[in-house]
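# Structural description and commentary
Spelled out, the chains give:
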Number of protein chains: 2
Amino acid sequence: MESLKNRIRREARVLPGNIVKVDGFLNHQVDARFLGELADAFGEVFDVSRVTKILTAEASGIPLAAVCSYKYGVPMVFAKKAKSDNIEGGLYRSEVFSYTYQKKVTLLVSRDWITPEDRVLIVDDFLARGEAMRGLLDIIKQSGAQLEGIGVAVEKGFQHGGDRLRQEGYPLKSLAIIERADENGFVFREE
Amino acid sequence: MESLKNRIRREARVLPGNIVKVDGFLNHQVDARFLGELADAFGEVFDVSRVTKILTAEASGIPLAAVCSYKYGVPMVFAKKAKSDNIEGGLYRSEVFSYTYQKKVTLLVSRDWITPEDRVLIVDDFLARGEAMRGLLDIIKQSGAQLEGIGVAVEKGFQHGGDRLRQEGYPLKSLAIIERADENGFVFREE
């Protein structure tokens, strides 16, 4: 998606440890109108009329999933990352390793909101090693729901989480795949 | 807002400890189209054409703030609740006590995204004792930005955080104020 690549070229920064910061429009400050364009781009790849539920992980996936939910007119569910008093029993749980926080986190989704009848589109802002994505896929598997697709805004291609998912046959679409990010700027994978 | 009160009557549950669960449409599963109606209701109270930035706290405030951002066409910023490697220096910080998690949490916002030129609308899904809201107000004060208003979906009136803010003169609008919640259902404050 050319407009997303341009926005990354203009606004993203690279920090030590291969961290790509797009916190001016995607995951700290959020330009929701622009996220609407990303939601439309997913709609060109996936048949969103089949989707009954959008799933993402807190916190940075929520804005994109909320805008997709608004545009497609189906509910979204966000996996929570810690046990709070507001979630009692009846949970799908999946433990994943967070490289951002350098610790294990447990993704939690209430069994009330994903059921075997659901056809789920996973949406997330970032895909790197794919740990969080594995947790969301695990939760869909536990639920018996059907996976309709995986829509990602920015994939860090050089960390290969997306490549492994594609090799395994998952219907993954990333709107911008960064192959290299350094002081010379960004190189994107050709499609 | 009658449609919100009706939805609370129909779908919310009350858990021990005065916890009101609206996780079927507001803060775990999210009906973003309905949040669009809440965003419109805020637009009837506040002059959103003056607003340059929407501010909320992760995680459960994000869907509503994202939909407001989409509808009003201005960016939203969400305060993060833990120091991650993705946020380096240059932060506003405010320490608040979370009753949900029964511990202190630090709200963090990058100085890049709230500046003295901003006119900020705070948006949140819930207001109870008002601790998180105090943190957001503190961050706006640190930034030198101007507060345009505080829009809350559901206020727990019996915990009086909202009453204290109104007494202090803050421009707070809650779309549904719960005065009592128990096995007999919900009683809302008359407006």
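Here the structure is a predicted model, which is why all the values come from computation and not from measurement.

### Re the nonpolar core
Residues L4(A), I8(A), L4(B) and I8(B) are the most contacted members of the largest nonpolar core, which totals 82 residues. Contacts of L4(B), omitting those with residues within four sequence positions, involve F25(B), F34(B), L38(B), A153(B), V154(B), L175(B) and A176(B).

### Points about the environment of V105(A)
Residue and element names in this part refer to chain A. Note that V105 resides in strand β7 (residues 103-110). In the structure, V105 is positioned 25 residues away from K80 in sequence and 9.6 Å away in space, judged by C-alpha atoms. Not counting the four nearest positions on each side in its chain, V105 is found in contact with K81, S94, E95, V96 and S98.

### Structural notes on the relation of the copies chain B and chain A
Of the two same-sequence chains, chain B is brought onto chain A (RMSD 0.0 Å, axial shift 0.0 Å) by a rotation of 180°. Between the two chains, the operation in question is that of a two-fold axis. Both copies share a contact surface, since 100% of the interface residues of chain B are interface residues in chain A too.

### Thoughts on the packing of helix α2 (residues 32-45) of chain B against helix α3 (residues 62-72) of chain B
All names here are of chain B. Look at α2 against α3: their axes get within 9 Å of each other, and the N-to-C directions meet at 65°. One way to sum up the angle between α2 and α3 is to call them roughly perpendicular. As for how α2 packs across α3, the hand of that crossing is right-handed. Contacts from A32, L35, G36, L38, A39, D40, F42 and G43 in α2 reach P63, L64, V67, C68, K71 and Y72 in α3. Considering only residue class, the contact of α2 with α3 consists of ten nonpolar, two polar and two charged.

### Section: the environment of R119(B)
Locating R119(B) in the fold gives a position in strand β8 (residues 119-127). A sequence separation of 30 residues divides R119(B) from G149(B), and the C-alpha atoms of the two residues are 9.1 Å apart.

### Structural notes on helix α1 (residues 2-11) of chain A
All names here are of chain A. Along α1, the residues that are buried comprise L4, K5, R7 and I8. The buried residues of α1 occupy an angular sector of 160° when projected down its axis, which confines them to one face. Where α1 is buried, its residues contact α2 (32-45), β9 (146-156), β10 (172-182) and β11 (185-188).

### Quick word on the sheet that holds strand β5 (residues 76-79) of chain B
Reading across from one edge, β3(A)-β5(B)-β4(B)-β8(B)-β9(B)-β10(B)-β11(B) is the order of the seven strands in this open sheet, with mixed pairing throughout. Among the strands making up the open sheet, the edge pair consists of β3 (29-30) of chain A together with β11 (185-188) of chain B. Two elements, β8(B) and strand β9 (residues 146-156) of chain B, share eight bridges in a ladder whose sense is parallel. Note on β9(B): the bridge partner recorded for F126(B) is V154(B). Sitting on the sheet, α3(B) is in contact with β3 of chain A together with β4 (53-57), β5, β8 and β9 of chain B, with an inclination near 170° to β4(B).

Conventions used here
- Residues numbered from 1 in each chain as written.
- Chains lettered and ligands numbered in written order.
- Predicted model: local features only at pLDDT ≥ 70, side-chain atom pairs only at ≥ 80, totals over all residues.
- Heavy atoms only, no water.
- Core = buried A, V, L, I, M, F, W, Y, C linked by side-chain atoms within 4.5 Å.
- Buried < 20%, exposed > 50% of the residue type's maximum accessible area, 1.4 Å probe, protein only.
- Contact = heavy atoms within 4.5 Å.
- Helix = DSSP H or I, 4+ residues; strand = E, 2+ residues; numbered from the N terminus.
- Least-squares fit on C-alpha atoms with pLDDT ≥ 70 in both.
- Axes fitted to C-alpha atoms, helices over the stretch in contact; angles between N-to-C directions.
- Parallel < 35°, antiparallel > 145°, perpendicular 65-115°, else oblique.
- Left-handed = near helix turned anticlockwise from the far one by under 90°.
- Nonpolar A, V, L, I, M, F, W, Y, C, P; charged D, E, K, R; others polar.
- Arc of directions from axis to C-beta.
- Pairing = 2+ DSSP bridges.

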